[in-house]
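Spelled out, the chains give:
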Amino acid sequence: MSIKDIPLSNNQKKRLLACVKDQSIFFQDENGDIVVDTQAYKALKESLQQSPIEELLKLDDLETLADYVVFQ
């Protein structure tokens, strides 16, 4: 299992939480970090026909980065 940490501002975290509302894709831990399951997110992207996190944060495909991506 691989994990990738990506720093975000508080405003970016709020926008991220607003764009992905499916709790099976991510969870927020006790210190505010957002953990995204990239395989579940990939399934969501395929059903939506868009990439909301990559579009919002100007990133490449999340699923190629790691199994889990932690936005700090």
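Described below are features of the structure shown in this document. These numbers come from a predicted model, not from an experiment.

### Focus: the sheet that holds strand β2 (residues 26–28)
Think of a sheet as strands paired side by side through backbone hydrogen bonds, with each pair either parallel or antiparallel.
Piece 1. Spatially, 4 strands are ordered β1-β4-β3-β2 in an open sheet, and the strand pairing comes out mixed. Two strands bound the open sheet, and with one partner strand each, they are β1 (3–6) and β2. Taking each pair of neighbouring strands and ignoring which way they run, the sheet shows an average axis angle of 20°.
Piece 2. Bridging between β1 and strand β4 (residues 68–71) involves 4 bridges; their strand directions are parallel. Paired with K4 across the bridge in β4 is V69.
Piece 3. Against the sheet, helix α1 (residues 10–19) contacts β2, β3 (34–37) and β4, and its axis sits at roughly 40° relative to β3.
Piece 4. The strands that helix α2 (residues 38–48) touches are β3 and β4; relative to β3, the one it contacts most, it runs at about 65°.

Reading the values: rules and limits
Residues numbered from 1 in each chain as written. Predicted model: local features only at pLDDT ≥ 70, side-chain atom pairs only at ≥ 80, totals over all residues. Heavy atoms only, no water. Pairing = 2+ DSSP bridges. Helix = DSSP H or I, 4+ residues; strand = E, 2+ residues; numbered from the N terminus. Axes fitted to C-alpha atoms, helices over the stretch in contact; angles between N-to-C directions. Contact = heavy atoms within 4.5 Å.

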